[in-house]
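Descriptive structure summary
Letter by letter, the chains look like this.
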Amino acid sequence: MSETLEALYQSAGIDADVFEFCGDVLETLSDRFEKIDRTAEYNQIKVIDAFHRARVSEACFSGTTGYGYNDLGRDKLEEVYAAAFHAEAALVRPLIACGTHALAIALSGNLRPGDELLSISGKPYDTLEEVIGIRPARGSLAEYGVTYRQVELKADGHFDHEAIKSAISSKTRMVAIQRSKGYESRRTLSVSEIGEAIQTVKSVNPDIICMVDNCYGEFVERIEPTDVGADLAVGSLIKNPGGGLAPSGGYICGKKEHVDNAAYRMTCPGLGSEIGPSLGLNTSFFEGFFLAPTVTASALKAAIFAACLYEKLGFAVIPGGNESRHDIIQAVTLGSKEGILAFCRGIQKGAPVDSFVTPEPWDMPGYDDPVIMAAGAFVEGSSIELSADGPIRPPYNVYFQGGLTWPSAKYGIMMSLQSMKDEGLINLR
Ligand SMILES: *Cc1c(COP(=O)(O)O)cnc(C)c1O
């Protein structure tokens, strides 16, 4: 006879009271999970339809080396991305090293000296500050004579349409919008409100290229920024669209002219997307994209489950347990160093890989305070796999995201609670 689920959880380190507390919270979530499953179904059909349109075949799985001329799989994969994003073209490559790299080539490929880049969602993601030259850096856009301005979001976290209109000048060539909050404590922007902001920009000058940093947002909703007028949507393959299988890479989808311009920066002028071998990665890219809608759904469920658990325990959470979701990141304000350590150590203990190691805070390059990171992932640094990190400083926020399957993500979160309990940091009654 098999063990009961509760007994199995106990032998895997989860106490009966933690099991029960989590079960009670989960019971309140069935309607929301049902909605997430419907969105996943919608996006799954969208992706399969894209596979059909591109006529994906077994021949697509063999890759190229060297220059990578005539890489059938690579070209079909880009057709699949373009079809799923309802875009004219896509660039999806292992040669794109990360999300920042994808954003950097989308920007530098489309901006020329004298142009201005305008961010309309406030401060961009940390790593883009050096790409743009907000923080001086070698090779930044600023060094090439591209100027930068930004319009803050309003205090309520929405776009400031009036300020956007007045910030646009004859120099404005590109507008950047960041969908996810990243590691800020602002709201994440919905795709439809991004569409409204793009309309505002285009009403002043339809030639301005609107680029959306789509990191962490893919497949959370039924539409993507390219469905609401974005000229470019850009992201990382070790987040949502890689489905946990892509071992590296980034993508850029949008108008053909602008995607081509980015390709001329990815490789070089004249060669563009014609070269670049897929190095045997086509299968992981196709299969990862195929799995991405349900993987993203697991990550979303995990974020909501954790938000509701920690909210019930009295911690502040962003977004709130009942708020609508537009990305997969969850922040929990744990209020103490001990809280962050216990939380991250619990997540680590629940991971499939490296469950036996104890994460410690360390002085990461580029950060002022020590940072602790928990990740037991198949792909290094992957944040579509359950992972958590936080700088050791007030208000002691931990940010976490991911979960390749819902049961594994649920277990990881239960382990975080168990770890908090073992340290005497929470009271389950
Ligand atoms: C992850 C992320 C990026 C890019 O980060 P990489 O670590 O370079 O992949 C950019 N913007 C946002 C909002 C992100 O979440």
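Every chain's residues receive numbers from 1 upward, in the order its sequence appears when written. Two thresholds apply to this predicted model, a pLDDT of at least 70 for residue-level local features and 80 or more for giving and counting side-chain atom pairs, whereas whole-chain, interface and lining totals are computed over all residues. The side-chain quantities take in all heavy atoms of the structure and omit both hydrogens and water.

1. Side note on the packing of helix α3 (residues 30–53) against helix α4 (residues 72–84)
The cut-off we apply is this: Each axis is a line fitted through C-alpha atoms, and for a helix only the stretch in contact is used; angles between axes span 0 to 180 degrees, taken between their N-to-C directions. Helix and strand assignments come from DSSP, with helices taken as H or I runs of at least 4 residues and strands as E runs of at least 2, each series counted from the N terminus. Angles are sorted into four bins: roughly parallel if under 35 degrees, roughly antiparallel if over 145, roughly perpendicular if 65 to 115, and oblique for all others. Note on convention: the crossing is left-handed when the near helix lies turned anticlockwise from the far helix by less than a right angle, right-handed when the turn is clockwise. A contact between two residues is defined here by any heavy atoms of the two lying within 4.5 Å. Three classes are used: nonpolar for Ala, Val, Leu, Ile, Met, Phe, Trp, Tyr, Cys and Pro, charged for Asp, Glu, Lys and Arg, and polar for all others, with Gly counted as polar.
It is at 8 Å that the axes of α3 and α4 come closest, and there the two elements cross at 135°. As far as their axial angle goes, α4 and α3 are oblique. The chirality of how α3 crosses α4 is right-handed. On α4, the residues touching Lys46, Ala50, Phe51 and Arg53 of α3 are Val80, Ala83 and Ala84. Considering only residue class, the contact of α3 with α4 consists of five nonpolar, no polar and two charged.

2. Regarding the domain arrangement of the chain
What counts, and what does not: Domain extents, as shown, originate in an automatic or database domain assignment. Note: buried area is the sum, over both parts, of the accessible area (probe 1.4 Å) each one loses when the two are combined.
Segmenting the chain into domains produces domain 1 (5–42 + 293–422) and domain 2 (51–289). Here the C-alpha centre of domain 2 lies 28 Å away from the C-alpha centre of domain 1. Contacts between the two partners involve 25 residues from domain 1 and, on the opposite side, 24 residues from domain 2. Regarding the contact of domain 1 and domain 2, the summed buried area is about 2,200 Å², with carbon and sulfur atoms giving 62% of it.

3. Thoughts on the sheet that holds strand β4 (residues 172–178)
Going by this rule: Any two strands with at least two DSSP bridges between them are considered paired.
Strand order in the open sheet formed by seven strands is β1-β7-β6-β5-β4-β2-β3, and the pairing between neighbours is mixed. One side of each edge strand has no neighbouring strand; the edge strands of this open sheet are β1 (89–93) and β3 (147–150). Between one strand axis and the next, the sheet turns through 20° on average, direction left out of account. Bridge count for strand β2 (residues 116–119) against β4 is four bridges, and the pairing is parallel.

4. Considering the packing of aromatic side chains
So the rule is basically this: Only centres within 6.5 Å qualify two rings of Phe, Tyr or Trp (six-membered ring in Trp) as a pair; their planes then separate them into stacked at under 30 degrees, edge-to-face at over 60, and tilted for everything else. Throughout, exposure labels follow a simple rule: accessible area from a 1.4 Å probe, protein chains only, divided by the maximum for the residue type, with under 20% read as buried, over 50% as exposed, and the rest as partly exposed.
As enumerated under the stated definition, the model contains 16 aromatic pairs in all. Ring plane angle 70° and centroid distance 5.7 Å describe the contact between phenylalanine 61 and phenylalanine 286, whose orientation is recorded as edge-to-face. Note that phenylalanine 61 is positioned in the loop between α3 and α4 and phenylalanine 286 in helix α10 (residues 282–312), a separation of 225 residues in sequence. A residue is classified by how much of its surface remains accessible, and phenylalanine 61, at 34% relative accessible area, is partly exposed. The exposure class assigned to phenylalanine 286 is buried, which follows from its relative accessible area of 1%. An aromatic cluster of three or more residues is present, and its members are Tyr81, Phe85, Phe219, Tyr251 and Phe289.

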